[in-house]
Amino acid sequence: MKSRPVVTLLLLAVVGAVLVAGCGGGGSSGGSSKGGSSGDFASVAEAACTKTNEQIAALGTPQQAQVSKYMERTEALIEELHEQVQAAAGDGSAEAAYVEGLAKAVPLINEMTNAARNENFDAVRELSSGLIEIHLGELAEAAELKTCAEVPVSES
Amino acid sequence: MKRLKLILVLGACLALLASVGVAMATTGATTGYPQPRQVVPTTLSAPFENRYVLTAVGSGAGIRSGEMKFEFEEGSSPQFLVGISQFYVYSPTGEIETALFTFYPFTELPGGKGLKAPVLKVGASASYGQVTQDGEIRLESPVGDTMKGTIRIHGDGPWPVEFRVLGDAQSYHGSPPAAKQIPEAEPTNPGWGADASEYVGEYELTNASEDPTAKAGTLGAVIGVAQGLGVNGAVVTGGSMKVEGDPAVATVKVQTGASNREFTLTDLAWEGDKRTAQVHDEGVESPPVGRFEGTGGKGMVKGSLVSGHSLYKVEFQLK
């Protein structure tokens with residue numbers, strides 16, 4: 001009679017071990033890693049980037065008079081993208097770096113928008129150097145985010 | 001021997017620089033210039049030995065003001081002139097910079113109407129130990145206290161210049177007054193050359209910059225738009241031009257990364273190597289948003305295309 005709880009415990013231990021082994025083994029897209037992205041983060045980020053890139057591409061290349069509105073719209077889209085990927089980010093260093101890159105971009109684009117509102121187009125250009133230095137595409141590549149690494153191509 | 005000559009020339013340059021703007025005319029500031037091969041009669045060169053202030057200059061030269069001094073090389077026989085100038089020029093970003101030039105060796109203009117000399121760049125803008133040719137100055141013999149001529153610098157021009165002779169006691173203490181800016185004559189010949197076959201066709205951009213949007217991911221588009229703005233010269237990473245029709249119209253496409261802009265150029269005009277046009281950003285019928293000003297010839301067109309607050313430096317070569 002006393003051996004039943006022991007057998008039950010042993011069975012539970014075996015089942016637990018099998019489950020743990022099953023989760024840990026096979027497939028690199030499973031758990032979070034220090035280099036690339038977790039599966040959940042990658043799918044969320046890629047979907048968000050696909051949508052954002054399409055919306056940015058649809059804005060086209062603005063004429064001088066439309067630069068301010070273009071900047072406002074882009075600012076909103078990048079901010080939204082940042083919020084989405086930040087919410088999905090795990091503890092991987094590459095995905096954290098990508099999220100950090102977007103976080104740096106948001107206030108810079110806000111400054112560019114303000115400069116465009118004041119028709120200070122030289123300042124818009126100078127501030128964009130800060131965006132170049134982020135190398136967001138490289139950060140996306142490091143996080144294995146293929147779509148996020150692509151540059152949206154304007155339709156006009 | 002060559003090095004000695006160079007040291008002597010540089011020493012003379014420094015001595016001359018020190019003498020420009022000095023109230024009293026001095027002698028003997030120029031030493032070490034080698035005897036030029038061509039001799040200019042003293043009767044022609046003597047009236048040029050003076051200090052001058054720039055009173056008028058072609059607006060395209062980008063010169064705000066300046067002073068100049070011509071004097072005979074000390075102890076030269078036969079005597080020959082050496083000139084030195086200190087101009088205040090507008091930099092591409094609109095700031096005032098100092099440009100130092102020497103003029104040597106002088107030769108006679110056809111018909112003995114005046115003198116010409118290579119413009120040699122000295123000082124901070126030249127590499128250490130070098131005096132490089134930057135253009136040419138042509139001057140008619142002074143009439144009263146006025147001397148007129150033309151100058152080419154930075155591989156551009158010529159632009160008209162006018163100087164006033166300064167008296168021995170006159171000095172601006174290194175702050176000469178702003179010279180009058182002479183508006184440039186606008187080309188009036190239609191097209192971009194005497195014959196349509198010289199300029200009609202498809203062109204490729206030959207001065208493309210590195211793409212600033214590469215590796216920028218989702219931010220690439222906004223970087224492309226922003227880098228394509230500004231009066232200080234927008235970044236152009238690619239482009240093309242097509243000139244067609246009668247009257248000729250040019251369609252210019254410029255790229256900044258993935259950002260594409262298209263302009264239509266109308267009222268193409270030329271005079272000598274000068275090329276101009278009106279710039280439209282929404283087709284021929286749209287109102288002009290700026291101008292194209294540049295130079296051209298032999299299948300090449302290069303210059304500045306201004307659209308609103310943006311300036312694009314472009315160089316095109318006929319395919």
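As a convention, each chain's residues are numbered from 1 in the sequence order in which they are written. Each chain gets a letter, beginning with A, and each ligand a number, beginning with 1, in the order they are written. Thresholds applied to this predicted model are a pLDDT of at least 70 for local features of residues and 80 or more for the giving and counting of side-chain atom pairs; totals over whole chains, interfaces and linings are not thresholded and use all residues.

All right, on to the overall build of chain A then. Here a helix means four or more residues in a row that DSSP labels H or I, a strand means two or more in a row labelled E, and each is numbered from the N terminus. A count of helical and extended segments in chain A gives 6 helices and 0 strands. Tracing chain A from N to C terminus, the helices and strands come up as α-α-α-α-α-α. Partly exposed residues are those whose C-beta has more than 12 but fewer than 20 other C-beta atoms within 10 Å; 20 or more makes a residue buried and 12 or fewer makes it exposed, with C-beta atoms placed from the backbone. By the burial criterion, 37% of the 156 residues in chain A qualify as buried. C-beta atoms are first placed from the backbone for all residues, and any pair lying within 7 Å is then listed as a contact. Of all intrachain contacts in chain A linking residues separated by at least 6 positions in sequence, the fraction that spans at least 24 positions is 72%.

Linking buried Ala, Val, Leu, Ile, Met, Phe, Trp, Tyr and Cys residues through C-beta atoms within 7 Å yields a set, and such a set is a nonpolar core. Tyr98(A), Ala105(A), Met112(A), Val124(A) and Leu145(A) are the most contacted members of the largest nonpolar core, which has 70 residues in total. At 10 residues, the largest contribution of residues to this core is made by helix 4 (residues 93-117) of chain A. If you look at the next biggest cluster of nonpolar residues, it comprises 34 residues, including Ala61(B), Met68(B), Phe87(B) and Phe163(B).

Attention now goes to unusual backbone geometry. Residue Pro78(B) follows Ser77(B) across a cis peptide bond; omega there is -5°. Mapped onto the secondary structure, Pro78(B) falls in the loop between strand 2 (63-72) and strand 3 (81-90). At the junction of Tyr104(B) and Pro105(B), the peptide bond is cis and its omega measures out at -10° in the coordinates. Of note, the phi angle at Glu144(A) is positive, near 60°, even though the residue is not glycine. With respect to the helices, strands and loops of the structure, Glu144(A) is situated in the segment after helix 6 (136-142).

All names here are of chain B. Taking every second residue as pointing to the same face, the buried face of strand 13 (residues 238-244) carries Gly-239, Met-241 and Val-243, while none of Gly-238, Ser-240, Lys-242 and Glu-244 on the other face is buried. Across 4 bridges, the pairing between strand 12 (residues 201-205) and strand 13 is antiparallel. Residue pairing across strands places Glu-204 opposite Ser-240, the latter belonging to strand 13. Pairing of strand 13 with strand 14 (residues 249-256), which is carried by 7 bridges, proceeds in the antiparallel orientation. When the bridges of strand 14 are listed, Gly-238 appears paired with Gln-255. Here strand 13 folds back onto strand 14 in antiparallel fashion, the turn holding 4 residues, of which Gly-245 has a positive phi close to 85°. The criterion for strand pairing is that DSSP finds at least two bridges linking the strands in question.

All names here are of chain A. Helix 3 (residues 67-88) packs onto helix 2 (residues 39-59) with a crossing angle of 175° between their chain directions and a minimal axis gap of 9 Å. Relative to helix 3, the element helix 2 is oriented roughly antiparallel. Residues Asp-40, Phe-41, Val-44, Ala-45, Ala-48, Cys-49, Thr-52, Gln-55, Ile-56 and Leu-59 of helix 2 lie in contact with helix 3, whose contacting residues are Tyr-70, Arg-73, Thr-74, Leu-77, Leu-81, Gln-84, Val-85 and Ala-88. A breakdown of the residues in the contact of helix 2 with helix 3 according to their chemical character gives 12 nonpolar, 4 polar and 2 charged. Between N-to-C directions, angles cover 0 to 180 degrees, with each direction set by a line fitted to C-alpha atoms, over the stretch in contact for helices. To sort the angles, those under 35 degrees are grouped as roughly parallel, those over 145 as roughly antiparallel, those from 65 to 115 as roughly perpendicular, and the leftovers as oblique. Charged residues are taken to be Asp, Glu, Lys and Arg, nonpolar residues to be Ala, Val, Leu, Ile, Met, Phe, Trp, Tyr, Cys and Pro, and polar residues to be all remaining types, Gly included.

Relative to the helices and strands, Gly39(A) resides in helix 2. Expressed as a C-alpha distance, the spacing of Gly39(A) and Gly90(A), which sit 51 residues apart in the sequence, is 9.8 Å.

Accessible area lost on assembly of the parts is the figure often given for the size of an interface. With 28 residues of chain B in contact, the opposing surface of chain A contributes 37 residues. The set of elements that each furnish at least two residues to the side of chain B that touches chain A consists of helix 3 (220-227) and strand 15 (259-271) of chain B. Looking at the side of chain B that touches chain A residue by residue, the class counts come to 11 nonpolar, 14 polar and 3 charged.

Now for helix 3 of chain A. In this model helix 3 of chain A runs 32 Å from its N-terminal to its C-terminal C-alpha over 22 residues, within 8% of the 32 Å that 1.5 Å per residue would give. Buried within helix 3 of chain A we find Val67(A), Ser68(A), Tyr70(A), Met71(A), Thr74(A), Glu75(A), Leu77(A), Ile78(A), Leu81(A), His82(A) and Val85(A). Taken together, the buried residues of helix 3 of chain A touch helix 2, helix 4 and helix 5 (121-134) of chain A together with helix 3 of chain B. In this analysis, the expected span of each helix is defined as 1.5 Å times one less than the number of residues it contains.

Turning our attention to the confidence of the model for chain A. Residues and elements named next belong to chain A. On a range of 0 to 100, pLDDT expresses the predictor's confidence in each residue. Confidence in the prediction for chain A averages 81 pLDDT; 74% of positions are at 70 or higher. Per-residue pLDDT, averaged within each element of chain A, yields its smallest value for helix 1 (residues 3-24) (49) and its largest for helix 6 (96). Overall, residues 16-34 carries pLDDT values under 50, and its contacts beyond four positions in sequence, including any with other chains, amount to 10 contacts.

Residues and elements named next belong to chain A. Here helix 3 crosses helix 4 at 160°, and the two axes come no closer than 9 Å. Compared by their axis directions, helix 3 and helix 4 come out roughly antiparallel. For the pair helix 3 and helix 4, the crossing hand works out as left-handed. Between helix 3 and helix 4, the contacting residues are Val-67, Ser-68, Met-71, Glu-72, Thr-74, Glu-75, Ile-78, Glu-79, Leu-81, His-82, Val-85 and Gln-86 on the first element and Tyr-98, Val-99, Leu-102, Ala-103, Ala-105, Val-106, Ile-109, Asn-110, Met-112, Thr-113, Ala-116 and Arg-117 on the second. Split by residue class, the contact of helix 3 with helix 4 holds 14 nonpolar, 6 polar and 4 charged. By definition, any crossing whose near helix is turned counterclockwise from its far helix by less than a right angle is left-handed, and any crossing with a clockwise turn is right-handed.

To continue, consider the environment of Trp192(B). Residues and elements named next belong to chain B. Summarising the element assignment, Trp-192 is placed in the loop between strand 11 (189-190) and strand 12. Using a count of 25 C-beta atoms within 10 Å as the deciding quantity, one classes Trp-192 as buried. Separated by 75 residues in sequence, Trp-192 and Asp-267 have C-alpha atoms that sit 9.7 Å apart. Residues contacting Trp-192, with those up to four places away along its chain left out, are Tyr-199, Val-243, Ala-248, Leu-268, Trp-270, Arg-275, Gly-296 and Val-301.

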